[in-house]
Amino acid sequence: MTTVEFFASLKDLGITIWIEDNQLRYRAPKGVMTLDIKQELVERKTEILTSLKQAKDVMGDKRLVTDVVSQKNVKSISQEEYEKPSQIELWPSLAEFFVYDDFLYYLLTNDRRRNHSYKVAINQLVKDKVVVDIGTGKDAILARFCVEANARKVYAIEMSEKYYNSAKACINKLGLSDKITLILGDATKVSLPELADVCVSEIVGSIGGVEGAALILNNARRFLKEDGVMIPARSVTKIAGVCLLDEFLQNPEFTEIPAYYTRKIFEQVGYPFDLRLCLRHFSKSSIISTSSIFEDLNFAATIEPEYSHKVNLSILKDSRLDGFIVWLNLHTIEGEVIDVLEHEYCWLPVYFPVFSPGIQVSQGDKIEAICSGSLCENNLNPDYKIEGYVIKKTGQKIEFKYYSYHYKMAFKQTLFYKNLFSNYVLNSNINSSVTTSKR
Ligand SMILES: C[S@@+](CC[C@H](N)C(=O)[O-])C[C@H]1O[C@@H](n2cnc3c(N)ncnc32)[C@H](O)[C@@H]1O
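Residues numbered from 1 in each chain as written. Predicted model: local features only at pLDDT ≥ 70, side-chain atom pairs only at ≥ 80, totals over all residues.

1. Quick look at the site of the ligand
1) Next: The environment of the ligand is formed by 20 residues, the closest being Leu108, Gly135, Gly137, Ala187 and Glu202.
2) Next: Put simply, the parts of the chain that give the shell around the ligand at least two residues each are helix H4 (102–109), helix H6 (141–148) and strand E6 (153–158).
3) Next: Per-class residue counts for the shell around the ligand are 11 nonpolar, 6 polar and 3 charged. (Near = placed C-beta within 6 Å. Helix = DSSP H or I, 4+ residues; strand = E, 2+ residues; numbered from the N terminus. Nonpolar A, V, L, I, M, F, W, Y, C, P; charged D, E, K, R; others polar.)

The following block contains the structure:
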């Protein structure tokens, strides 16, 4: 039973669950709360807390499936502390691995700001048109937006059989099966019965190209008529230097939920490695340099999946340089930009911990670097590199080189990752060995 199905079964029984004072609580009609249900609540505690907490934090919505109730007859399942939401959190870069689950799709489907920006583009482009939706996901959400915007027909492709089935059930339930044709398979391999006017997709990650958008969308051009258009139009990923809090850098660790996904990624790949990291609750006040473009994917034309270009940054204040923040600016259509540093979205900015320990820099110092992306062994997901110099006003040059691999078997390669995985024992069970916060 999926989390959502479990929630639904609780609701049917009249059982209400919610988070209060960082604890999972429930209220149930007399005689309904059996030992089996209690046991299941305990076993599913992490996933339930994850769903409820994220729904509350991300969407400001306290109710995932149940109403918030009064404190009368409240029972506590756990006394465990939950981390404060404003603390910076380390997350693995999720989008580039197939670790999608109900919870991650929930975040996508309910990311109102993201959806609004997609709707702005969809509403302008799809009326009376044939659309292909690449990677429609569990809720076929973008395909449904296209129908709402009066698309003539939508072909929605999904490669995960499980979530293709969920999308099918959703489309049938909504009575949209005459408008949306679902296709199970890899978008680079399937074919359509007719050419499309518009291709809509959301296979961009925290660095736009991490999920393999360049190759998948280059390939998807074959679905389009000559004057066909892409939504999103462009993905620009920016870069700037940062100074983070000592408290965070001295003891980097995953809290419970990111640790859960890190384990899932290690399990899927088959070994632990220095995975790409994202920061939740990152504050723009930590940026200490000008910004520049790290990656630029213009979906209006065929994209070169491998690139290398120069960036120049200027340090804006006397500070410590710990590394770089790299963040997505997704243009769904010209003039409509999702900047993931402006609000919290389902995408988080990526952190490159290049200087560990950090180096002292002064206002006016410069950074000259080459940013590059090249495909990893699977010929789909990129490995990234930044190398160059910090050039001080005194003339001193500090050389640096940093690799951010998709899944290379490289573990605890820098001091930052050594600290992060300090308690990780290589031969132990992947499932139980990712360090989590004790907070
Ligand atoms: C980030 S999710 C987006 C889901 C949905 N379109 C949305 O915007 O909420 C990406 C989806 O693309 C699917 N996907 C990734 N690569 C694909 C491919 N080559 N062919 C078909 N589906 C793919 C994944 O399984 C996942 O469901």
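2. Here we look at helix H10 (residues 256–269)
1) Next: Taking 1.5 Å per residue, 14 residues should reach 20 Å; H10 reaches 20 Å between its end C-alpha atoms and fits that length.
2) Next: Every buried residue of H10 is accounted for by Ile257, Pro258, Ala259, Tyr260, Tyr261, Thr262, Arg263, Ile265 and Phe266. (Expected span 1.5 Å × (residues − 1). Buried ≥ 20, exposed ≤ 12 C-beta atoms within 10 Å, placed from the backbone.)

3. Concerning the nonpolar core
1) Next: Core analysis: the biggest nonpolar cluster contains 104 residues, and Val131 and Cys146 have the highest contact counts within it.
2) Next: Ranked by the residues each element gives to this core, the list is headed by strand E15 (residues 323–333), at 7 residues.
3) Next: In contact with cysteine 146, other than residues within four places in its own chain, are Ile122, Val126, Val131, Asp133, Ala151, Val154 and Val200. (Core = buried A, V, L, I, M, F, W, Y, C linked by C-beta atoms within 7 Å. Contact = placed C-beta atoms within 7 Å.)

4. Focus: the environment of valine 242
1) Next: Take valine 242: it is sitting in strand E10 (residues 234–242).
2) Next: In this structure the C-alpha to C-alpha distance between valine 242 and isoleucine 315, which are 73 residues apart in sequence, comes to 9.7 Å.
3) Next: Excluding its chain neighbours within four sequence positions, the residues that come into contact with valine 242 are Ser286, Ile287, Ile288, Asp322, Gly323, Phe324 and Ile325.

5. As for unusual backbone geometry
1) Next: With an omega of 5 degrees, the peptide bond between isoleucine 231 and proline 232 qualifies as cis.
2) Next: Within the chain, histidine 281 stands out as a residue other than glycine whose phi angle is a positive 65 degrees.
3) Next: For histidine 281, the position within the fold is in the loop between strand E11 (277–280) and strand E12 (287–298).
4) Next: Of note in this structure, lysine 412 is not a glycine but carries a positive phi near 55 degrees.
5) Next: Topologically, lysine 412 is positioned in the loop between strand E21 (397–404) and helix H11 (415–420).
6) Next: The class for lysine 412 is partly exposed, based on 17 C-beta atoms found within 10 Å.

6. Some remarks on the pairing of E6
1) Next: Counting buried positions along E6 yields 6 of 6 residues, so the element is predominantly enclosed.
2) Next: In E6, alternate side chains face the same way, and those of Lys153, Tyr155 and Ile157 on one face and Val154, Ala156 and Glu158 on the other are all buried.
3) Next: Note: E6 against strand E7 (residues 180–184), 5 bridges, orientation parallel. Paired with alanine 156 across the strands is leucine 182, a residue of E7.
4) Next: In this fold, the crossover linking E6 to E7 by way of helix H7 (residues 161–173) has right-handed handedness. (Pairing = 2+ DSSP bridges. Right-handed = clockwise from strand over helix to strand, strands pointing away.)

7. A short note on the confidence of the model for the protein
1) Next: Confidence along the protein averages 88 in pLDDT terms, with 87% of residues attaining 70 or more.
2) Next: Confidence drops under pLDDT 50 across residues 58–85; counting only partners more than four residues distant or on other chains, this segment forms 50 contacts.
3) Next: Ignoring residues within four places in sequence, the model shows residues 427–432, a span with pLDDT below 50, making 7 contacts including any to other chains. (pLDDT = per-residue confidence, 0-100.)

8. Let's talk about the sheet that holds E21
1) Next: Spatial ordering of the open sheet is given by E13-E19-E20-E21, a layout of 4 strands whose pairing is antiparallel. Each of the sheet's edge strands pairs with one partner strand only, and the pair in question is strand E13 (307–314) and E21. Going across the sheet, the axis of each strand differs from the next one's by a mean of 15 degrees, ignoring polarity.
2) Next: Examined bridge by bridge, strand E19 (residues 366–375) and strand E20 (residues 382–391) share 10 bridges and lie antiparallel to one another. Bridging across to E20, leucine 375 finds its partner in proline 382. (Axes fitted to C-alpha atoms, helices over the stretch in contact; angles between N-to-C directions.)

9. Section: the environment of valine 42
1) Next: Structurally, valine 42 can be placed in helix H2 (residues 35–43).
2) Next: Residue class for valine 42 comes out exposed when judged on the 12 C-beta atoms lying within 10 Å of it.
3) Next: Put simply, valine 42 and leucine 24 are 18 residues apart on the chain and 9.7 Å apart in space, counted from C-alpha to C-alpha.

10. Overview of the pairing of strand E8 (residues 196–201)
1) Next: Burial runs high along E8: 5 of the 6 residues are buried.
2) Next: Bridge count for strand E5 (residues 130–134) against E8 is 4 bridges, and the pairing is parallel. Bridge pairing links isoleucine 134 to serine 201 in E8.
3) Next: By the bridge criterion, 4 bridges tie E8 to strand E9 (residues 224–231) in an arrangement that is parallel. By the bridge assignment, valine 200 is partnered in E9 with isoleucine 231.
4) Next: Taken together, E8, helix H8 (residues 213–220) and E9 form a β-α-β motif whose crossover is right-handed.

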